[in-house]
Amino acid sequence: EYIALIYANVYVQRQNPYVEAGFVAIFYDKMIKGERAVIFGDGKQTRDFIFVEDVVRANMIALERRIVGCYNISAGIETDINKIYKEISNLTGYKYQPQYDSPKKGELRKSVLSYTKAEKELGWRPDINLMGGLEKTIEYFMKLNTT
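Residues numbered from 1 in each chain as written. Predicted model: local features only at pLDDT ≥ 70, side-chain atom pairs only at ≥ 80, totals over all residues. Heavy atoms only, no water.

Colleague: How would you explain the packing of aromatic side chains if you had to name every residue and give the values?
Modeller: One pass over the full model with this rule turns up six aromatic pairs. Between Y11 and F49, the ring centres sit 6.3 Å apart and the planes meet at 75 degrees, which makes this aromatic pair edge-to-face. Remark: F49 occurs in strand 5 (residues 49–51) and Y11 occurs in strand 2 (residues 9–11); sequence separation between them is 38 residues. In this pair, the class of Y11 matches that of F49, namely buried. Ring geometry for F27 and Y85: centres 5.4 Å apart, planes at 80 degrees, overall edge-to-face. Within this pair, whereas F27 is found in helix 1 (residues 23–32), its partner Y85 is found in helix 3 (residues 81–92), the two being separated by 58 residues in sequence. Y85 sits in the buried class, given a relative accessible area of 5%. Three or more aromatic residues joined by ring pairs make a cluster, and in this case those are F27, Y85, Y94 and Y96. One Lys or Arg, K104, reaches over the ring of F40 and ends 4.4 Å from the middle of that ring. A cation over a ring is seen here: K117 above Y71, with NZ or CZ 4.8 Å from the ring centre. (Phe/Tyr/Trp six-rings, centres within 6.5 Å; stacked < 30°, edge-to-face > 60°. Helix = DSSP H or I, 4+ residues; strand = E, 2+ residues; numbered from the N terminus. Buried < 20%, exposed > 50% of the residue type's maximum accessible area, 1.4 Å probe, protein only. Lys NZ or Arg CZ within 6 Å of the ring centre and 35° of its normal.)

What follows is the structure in structure tokens.
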């Protein structure tokens, strides 16, 4: 018996901004330092962002259920990288336009998952929308940088 949870792009307050993955942490780190944030490609590539609290809740539910299968844990919404950049800029007061660079080889153009099966069989659905999760994340980073 097994249960497998397949996560969309998880973002979290303590995410490392010095690795390739993690647009939210990378953008925030650059913006708070007053550095130029780079968007590879045109920024219209999409991802399905899910906040860590929703992921943790999905894991807790999965531990309690005796169900076998694979389940997508996602917001089910495509959000482009330009929008993420804009929202984090607004939350941090960052005034610069993004710097665009060549797209990364092999990068997906679109990525979105459906959580319909998780909702139907596990009773799970995301509770925290993108803006709510970004606000919590940026609030955490702001506190971290002022202490």
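Picking up after the structure, the text goes on.
Colleague: Residues and numbers for the nonpolar core, please.
Modeller: Counting 21 residues, the largest nonpolar core has Y11, F27, I84, Y85 and I88 as the members making the most contacts within it. Looking at this core element by element, the count peaks at five residues for helix 1. The residues touching Y11, leaving out its near neighbours within four places in the chain, are V24, F49, I50, F51, V52, N129, L130, G133, L134 and T137. Counting residues in hydrophobic clusters, the runner-up holds 13 residues, among them A8, V55, Y115 and A118. (Core = buried A, V, L, I, M, F, W, Y, C linked by side-chain atoms within 4.5 Å. Contact = heavy atoms within 4.5 Å.)

Colleague: So what's going on with a nonpolar patch on the surface? Which residues, and what values?
Modeller: A surface patch of nonpolar side chains, about 320 Å² in accessible area, is lined by V56, M60 and L63. Mapped onto the fold, M60 is located in helix 2 (residues 52–64). (Patch = residues over 30% accessible without salt bridge, like charges linked within 9 Å, V, L, I, M, F, W, Y side chains within 5 Å. Areas by Shrake-Rupley, 256 points an atom, 1.4 Å probe, with all protein chains shown as cover. Salt bridge = Lys/Arg side-chain N within 4 Å of Asp/Glu carboxyl O.)

Colleague: I'd like a description of the environment of I50, backed by residues and values.
Modeller: Relative to the helices and strands, I50 resides in strand 5. In sequence terms I50 and I61 are eleven residues apart; their C-alpha atoms lie 16 Å from each other. Filtering out sequence-adjacent residues up to four positions away, I50 remains in contact with A8, N9, V10, Y11, V55, I73, S74, A75, W124 and P126.

Colleague: Explain the environment of E35 to me, and be specific about the residues and the numbers.
Modeller: Relative to the helices and strands, E35 is located in the loop between helix 1 and strand 3 (38–40). Judged by its relative accessible area of 34%, E35 falls in the partly exposed class. In this structure, the C-alpha to C-alpha distance between E35 and Y94, residues 59 residues apart in sequence, is 9.7 Å.

Colleague: Requested: an account of the side chain of S89, with residues and values cited.
Modeller: Along the polypeptide, S89 turns up in helix 3. Apart from the residues within four sequence positions on either side, S89 is in contact with M31 and Y94.

Colleague: Describe helix 1, and please don't skip the residues or the numbers.
Modeller: Each full turn of the α-helix corresponds to 3.6 residues, which orients residues three or four apart in the same direction. Along helix 1, the residues classified as buried are V24, A25, F27, Y28, D29 and M31. G34 sits one or two positions beyond helix 1 and adopts a positive phi of about 75 degrees.

As far as function goes, none of this settles anything; it's purely spatial.
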